[in-house]
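Fold and geometry: a report
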Amino acid sequence: MAKLEGIITPTLTPISNDNLDYDAVDSLIEFLSNAGVNGIFPMGTTGAFAITSVEFQVKILEYYMDKKKENMFFLAGVGRNSLEETLTMAEYAKELGSDAVSVVTPYYHRMDQESLYNYYDTILSKIDIPVVIYNIPQNTNNSISGETVRKLRSQYSHLIGIKDSSGNFSSFSEFIYLTDKDFTVLQGQDDLLLPSLLAGAKGGICGTSNFSNLSPLVYKYFKEGNIEKAKETQVKLSKMKNALSKYPFPQAYMAIFAEKIYKKDTSPIFPLRKLKEEEKKSLMAEIGEYLL
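Here is a short report on the structure shown in this document.

What counts as what
Per chain, residues are indexed from 1 in the order of the written sequence. Restriction of local features to residues with pLDDT of at least 70 applies here, the model being predicted, together with a cutoff of 80 or more for giving and counting side-chain atom pairs; totals for whole chains, interfaces and linings are based on all residues. To obtain the side-chain values, all non-hydrogen atoms of the structure were used and water was disregarded. The helix and strand labels rest on DSSP assignments: H or I over at least four residues marks a helix, E over at least two residues marks a strand, and numbering proceeds from the N terminus. Radius of gyration: over C-alpha atoms. The globule rule applied is 2.2 Å multiplied by the number of residues raised to the 0.38 power. Only protein chains enter the accessibility calculation, which uses a 1.4 Å probe; a residue whose area is less than 20% of its type maximum is buried, one above 50% is exposed, and one in between is partly exposed. We call two residues in contact whenever any of their non-hydrogen atoms come within 4.5 Å of each other. The Shrake-Rupley method, run with a 1.4 Å probe, gives the accessible areas here. Residue values count only the displayed protein chains as cover. Salt bridges are identified by distance alone: a Lys or Arg side-chain nitrogen within 4 Å of an Asp or Glu carboxyl oxygen. Side-chain atoms within 4.5 Å are what join buried Ala, Val, Leu, Ile, Met, Phe, Trp, Tyr and Cys residues into a set we call a nonpolar core. Strands qualify as paired when DSSP identifies two bridges or more between them. Inter-axis angles, ranging from 0 to 180 degrees, are taken between N-to-C directions of lines fitted to C-alpha atoms, where helices are fitted over the stretch in contact.

What about the overall build of the protein?
The secondary structure content of the protein amounts to 12 helices and 10 strands. In terms of overall dimensions, the protein is globule-like: its C-alpha atoms have a radius of gyration of 18 Å, near the 19 Å expected for 292 residues. Structurally, the protein occupies a C-alpha span of about 50 × 45 × 35 Å along its principal axes. Expressed as a percentage of its 292 residues, the buried residues of the protein come to 58%. Residue pairs in contact within the protein that sit at least 24 positions apart in sequence constitute 71% of those at least 6 positions apart. Within the structure as shown, the protein displays about 12,600 Å² of accessible surface, and the carbon and sulfur contribution to it stands at 48%.

Some details on the pattern of salt bridges
Inspection of the entire model under this criterion finds 13 salt bridges. Between R150 and E147 there is a salt bridge, with its nearest N and O atoms 2.7 Å apart. Here R150 and its partner E147 are both found in helix 6 (residues 146–155), three residues apart, which amounts to about one turn of the helix. Its relative accessible area of 31% is what places R150 among the partly exposed residues. Linking D265 and K274 is a salt bridge whose minimum nitrogen-to-oxygen distance equals 2.5 Å.

Considerations on helix 9 (residues 214–224)
When helix 9 is considered as a whole, its buried residues turn out to be L214, S215, P216, V218, Y219 and Y221. On the buried face of helix 9, the contacting elements are strand 1 (6–9), helix 1 (22–35), helix 8 (193–199), strand 10 (203–205) and helix 10 (227–244). Just downstream of helix 9 lies G225, where phi reads positive at about 85°.

Notes on the side chain of E279
Following the sequence through the fold, E279 ends up in helix 12 (residues 277–287). Leaving out residues up to four positions away in the same chain, E279 has contacts with Y247, P248 and R273.

Here's the deal with the nonpolar core
Counting residues in hydrophobic clusters, the biggest one holds 100 residues, and the most contacted among them are I144 and M240. Here this core gets eight residues from one element, more than from any other, and that element is helix 11 (residues 251–262). Every residue in contact with M240, bar those within four places of it in the chain, is listed here: T208, F211, S212, L214, I287, Y290 and L291.

So, helix 11
Buried residues dominate helix 11, accounting for 10 of its 12 residues. Listing the buried residues of helix 11 in full gives Q251, A252, Y253, M254, A255, I256, F257, A258, I261 and Y262. In this structure, the buried side of helix 11 is in contact with helix 1, helix 10 and helix 12. The first or second residue beyond helix 11 is K263, which carries a positive phi of 60°.

Some points on the sheet that holds strand 6 (residues 100–104)
Reading around the circumference, 1-4-5-6-7-8-9-10 is the order of the eight strands in this closed barrel, with parallel pairing throughout. Where strand 5 (residues 73–77) meets strand 6, three bridges bridge the pair, whose relative direction is parallel. Bridge assignment links G77 to a residue of strand 6, and that residue is S102. Strands in contact with helix 7 (residues 169–177) are strand 7 (131–135), strand 8 (159–164) and strand 9 (184–187); relative to strand 9, the strand with the most contacts, it is inclined by about 160°.

Some points on the pairing of strand 8
Strand residues, when the strand is regular, have side chains that alternate between the two faces of the sheet. Across the six residues that make up strand 8, a large majority, five, are buried. When strand 7 meets strand 8, the two strands line up parallel, connected through five bridges. Bridging across to strand 8, N135 finds its partner in D164. Inspection of the sheet shows strand 8 paired to strand 9 by four bridges, in the parallel sense. Considered in strand 9, the bridge of I162 is made with V185.

Here it is, written out as structure tokens:
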């Protein structure tokens, strides 16, 4: 059985004619199977879950599950801003055969640690599929603490990990040292991948792996003990991530995937706009040397 470790790809949601671009997903899965990723995570931030209907979210999860390779860990994004919808999606993901579900913190309304604890306590008490907390406070206005995660983990063994995309390395480190060795902490910022692995993280959920093999290579070299090579590769990955930060997300990722991997046109979920031609040319000029 696949494990929650290594590089997990938060997959794009390509759109054609107001529907899922099935051919683009096929192309993405084929690329990922050759790039050395350990799993896929449909319906994360890179997949624009927050502007997706429940019905379309179900369709996306179904197709990615149908097309994924046998050895890929399947982490289903089921977090909604409604507790009832999140529970419904989690139960559906279990029926679908997901290895685990990712549940983002509630967003928009600011919540303290007691509220966040109560939210996850309710979810974990009602479902028995493995759960990964998704912490991305720059998008949600809410950041779960290491102590809250430790408390939840001590009560629920099926809370198996956390993806932290905060970019705050101090809080990220807390998730590692406040939890047990079997708890999986994953870095959500590609430019912090190697420092996180050195600190004890078990991998990363890296959006750039939708079109680049740099993050799988960092992980590969790290596991082999070739730290110098891992550092060299991380420098390239960090420079690419820095260049990407100047452009709309995840539209820039979609544009590179379409140009370099799919080699056909495809679109992000409406109302996210496609990059303009001049933006694409500028982006490709900046990151071309870091691509395959």
